[in-house]
Amino acid sequence: LVFNEKTIDLASKILNGKAKLGFVALSCLMKNNLPENCINFLHTDDHLNKKIIKKNKLLKLAIPISTYDQFHSEYTHLKINKFKIKDKINQYSKINELPKSLRKKIVSPKIKNIDGIFFDPDNFFHLAKKPKKKIRIILYVVFIKKGNYLENKVKDLKMLKKDYLKLSLKSQEFCELIKKI
C-alpha cells in the first residue's frame, strides 16, 4: 500500500510536484468509555502555526483496515480551507461549537475497507469520531514535497539498504529522504 505507484502518482499530481514519503503510522483505536481526546475534535495538524505555508506541501492518506465493517464514516472533514474561514475557529473545537454556516460544510464520507481518503491535514479542519464498535485500525501514509516542515524529521527515519534496493526506481525516489542503513 505504501509504495503503490498509482498512489504515489496521484499524490504527486495533487501536490503539484514529486511526492516524497513523510512517514507511515498505524493507528489503533478501541471503543471505550473515556472522554473524547484531541483527534475527536476538529483540528489541523499544524496546530494553527502561522509559519506553515498556505500552499499544499503535505498530504495524508488514511486507509481503514478494520475487518468489522465494510464501510467506515468515522472521518469528518470541514470542506473549506482554514484560510478562507471568516469566523474564528479554535483548535480542538466540537462541531456544535461551529457557526451554523460552517456546520453545513461538514462531510463524513463513507470509505470502504482498504480504500483510502486523501486530505490536507494542515489546511483543513478534520476529526475522527470515537469507534462505535470494538476496534478501528487505520494506516496513515503522509506525502510531502521538498521544503515541507517535516523534511528534517523524515531524515531520522531509517530503512535497510537491501530493502531499498528491492524497490522500483519510482519507489526509491519516493523514499529518498529516508536514511538507508
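Residues numbered from 1 in each chain as written. Predicted model: local features only at pLDDT ≥ 70, side-chain atom pairs only at ≥ 80, totals over all residues. Heavy atoms only, no water.

**Student:** Kindly report on the overall build of the protein chain, identifying the contributing residues and their values.
**Tutor:** The helix and strand tally for the protein chain stands at five helices and 11 strands. Counting only C-alpha atoms and orienting by the principal axes, one finds that the protein chain spans roughly 50 × 40 × 25 Å. Burial status across the protein chain gives 43% buried among its 181 residues. Within the protein chain, contacts between residues at least 6 apart in sequence are counted, and of these 83% link residues at least 24 apart. For the protein chain, the exposed area adds up to about 11100 Å²; of that, 56% sits on carbon and sulfur atoms. Charge centroids of the protein chain, computed over 40 positive and 17 negative side chains, lie 3 Å from each other. (Helix = DSSP H or I, 4+ residues; strand = E, 2+ residues; numbered from the N terminus. Buried < 20%, exposed > 50% of the residue type's maximum accessible area, 1.4 Å probe, protein only. Contact = heavy atoms within 4.5 Å. Areas by Shrake-Rupley, 256 points an atom, 1.4 Å probe, with all protein chains shown as cover. Lys, Arg positive; Asp, Glu negative; His and termini not counted. Charge placed at Lys NZ, Arg CZ, Asp CG, Glu CD.)

**Student:** Account for the sheet that holds strand β5 (residues 106–107), naming residues and giving values.
**Tutor:** Reading across from one edge, β5-β4-β8 is the order of the three strands in this open sheet, with antiparallel pairing throughout. If you trace the sheet from one side to the other, it starts and ends with β5 and β8 (126–128), each paired once. Alignment of strand β4 (residues 75–78) against β5, held across two bridges, turns out to be antiparallel. Its bridge partner being in β5, leucine 78 is matched across the sheet by isoleucine 106. (Pairing = 2+ DSSP bridges.)

**Student:** Which residues make up the environment of lysine 179, and what values do they have?
**Tutor:** Examined against the element boundaries, lysine 179 turns out to sit in strand β11 (residues 179–180). For lysine 179, a relative accessible area of 46% translates into the label partly exposed. Here the alpha-carbon distance between lysine 179 and methionine 159, two residues 20 residues apart in the chain, equals 6.2 Å. Not counting chain neighbours up to four residues away, the residues in contact with lysine 179 comprise Lys155, Leu157, Lys158 and Met159.

**Student:** Residue-level account of a positive patch on the surface, with values.
**Tutor:** Positive charge collects at one region of the surface, where Lys79, Lys100, Arg103, Lys104 and Lys105 lie side by side. Tracing the sequence through the fold places lysine 105 in the loop between α2 (100–103) and β5. (Patch = residues over 30% accessible without salt bridge, like charges linked within 9 Å, V, L, I, M, F, W, Y side chains within 5 Å. Salt bridge = Lys/Arg side-chain N within 4 Å of Asp/Glu carboxyl O.)

**Student:** If you had to explain the pairing of β4 to someone new, which residues and values would you point to?
**Tutor:** Burial along β4 is two-sided: Tyr75 and His77 and Thr76 and Leu78, pointing in opposite directions, are all buried. Looking at chain direction, β4 and β8 are connected through three bridges and run antiparallel. Pairing of tyrosine 75 across the sheet is with alanine 128, part of β8.

**Student:** Before we move on, can you summarise the nonpolar core with the specific residues and values?
**Tutor:** Residues Leu21, Val141, Phe143, Ile144 and Cys175 are the most contacted members of the largest nonpolar core, which totals 24 residues. Per element, the largest residue contribution to this core is five residues, and it comes from strand β9 (residues 135–144). Core analysis: the second largest hydrophobic core is formed by 10 residues, Ile89, Leu102, Ile106 and Leu127 among them. (Core = buried A, V, L, I, M, F, W, Y, C linked by side-chain atoms within 4.5 Å.)

**Student:** Explain the packing of aromatic side chains residue by residue, including any values.
**Tutor:** For the coordinates displayed, the defined rule picks out three aromatic pairs. Their ring planes at 90° and their centres at 6.1 Å tell us that phenylalanine 3 and phenylalanine 174 sit as a pair that is edge-to-face. In this pair, phenylalanine 3 is assigned in the segment before α1 (5–15) and phenylalanine 174 in helix α5 (residues 169–174), connecting sequence segments 171 residues apart. Here phenylalanine 118 and phenylalanine 143 contribute two aromatic rings whose centre-to-centre distance is 5.7 Å and whose plane-to-plane angle is 50°, an arrangement assigned as tilted. On the criterion of sequence distance, the pair formed by phenylalanine 118 in strand β7 (residues 117–119) and phenylalanine 143 in strand β9 is long-range, its members being 25 residues apart. Through a chain of ring-to-ring contacts, the aromatic side chains of Phe3, Phe118, Phe143 and Phe174 assemble into a single cluster. (Phe/Tyr/Trp six-rings, centres within 6.5 Å; stacked < 30°, edge-to-face > 60°.)

**Student:** Before we move on, could you go through the confidence of the model for the protein chain and cite the residues and values that matter?
**Tutor:** Residues at a pLDDT of 70 or more form 91% of the protein chain, whose mean pLDDT is 83. When pLDDT is averaged over each helix and strand of the protein chain, the minimum, 65, is found for strand β3 (residues 71–72) and the maximum, 94, for helix α4 (residues 161–166). (pLDDT = per-residue confidence, 0-100.)

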